[in-house]
Amino acid sequence: MKPVVNQEACIGCGACEGIAPEVFKLNDGKSEVIALDDYSQYEEQIKQAVDSCPVQCISIEE
């Protein structure tokens, strides 16, 4: 699994970074996914970030 942020839809609210700071970071007012080899240890936080995004711009690639 790998999280993906739709940069055009992102409003930079920071909810994802607050939930999973090891996976997401804000850069120039938009969320970005931090490059990791394996996201599996953060699976629950990523799913929570997906559910918490107010504009639903985070998806998960399998």
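Up top is the structure.
Residues numbered from 1 in each chain as written. Predicted model: local features only at pLDDT ≥ 70, side-chain atom pairs only at ≥ 80, totals over all residues. Heavy atoms only, no water.

## Focus: the state of the cysteines
For clarity, the cut-off: Any cysteine sulfur atom paired with another within 2.5 Å is treated as part of a disulfide.
Under the counting rule described, the total for this entry stands at zero disulfides. Free of any disulfide, Cys-10 has its nearest cysteine sulfur in Cys-57, 4.4 Å distant. As a non-bridged cysteine, Cys-16 has Cys-10 as the owner of its nearest cysteine sulfur, 6.4 Å distant.

## Some thoughts on the pattern of salt bridges
For the record, the criterion: Just to be clear on terms, a salt bridge is a Lys or Arg side-chain nitrogen sitting within 4 Å of an Asp or Glu carboxyl oxygen. Labels follow the DSSP assignment, with helices taken as runs of H or I lasting at least four residues and strands as runs of E lasting at least two, numbered in each case from the N terminus. For each residue, the accessible area found with a 1.4 Å probe, counting protein chains only, is set against the maximum for its type, and the residue is called buried under 20%, exposed over 50%, and partly exposed in between.
Considering all chains together, one arrives at one salt bridge under this definition. A salt bridge links Lys-47 to Glu-43; its shortest N-O distance comes to 3.1 Å. Taken together, the positions of Lys-47 and Glu-43, both in helix α2 (residues 43–52) and four residues apart, correspond to about one turn of that helix. Accessibility expressed as a relative area gives 35% for Lys-47, which makes it partly exposed.

## With respect to empty space enclosed by the protein
Our working rule: Cavity and pocket criteria rest on a 1 Å grid covering protein atoms alone: a 1.4 Å probe that fits but cannot get out defines a cavity, protein on both sides within 12 Å along at least 5 of 7 lines defines an open pocket, and an atom within 4 Å of a point defines a lining residue. Grid points are joined across faces, edges and corners, and a volume is the space filled by probe spheres set on the points.
Here the structure, examined in full by the defined rule, presents one cavity of 30 Å³ or more. Space inside the largest cavity adds up to approximately 80 Å³. Around the largest cavity, the lining comprises 13 residues; the ones closest to its centre are Cys-10, Cys-13, Cys-16, Ser-31 and Cys-53.

## What to know about the pairing of strand β3 (residues 30–33)
The condition that has to hold: At least two DSSP bridges between two strands are required for those strands to pair.
By the bridge criterion, four bridges tie strand β2 (residues 24–27) to β3 in an arrangement that is antiparallel. Across the sheet, residue Lys-25 finds its bridge partner in β3, namely Glu-32. Where β2 folds back onto β3 in an antiparallel hairpin, the turn is made up of two residues, including Asp-28, whose phi is positive at roughly 55 degrees.

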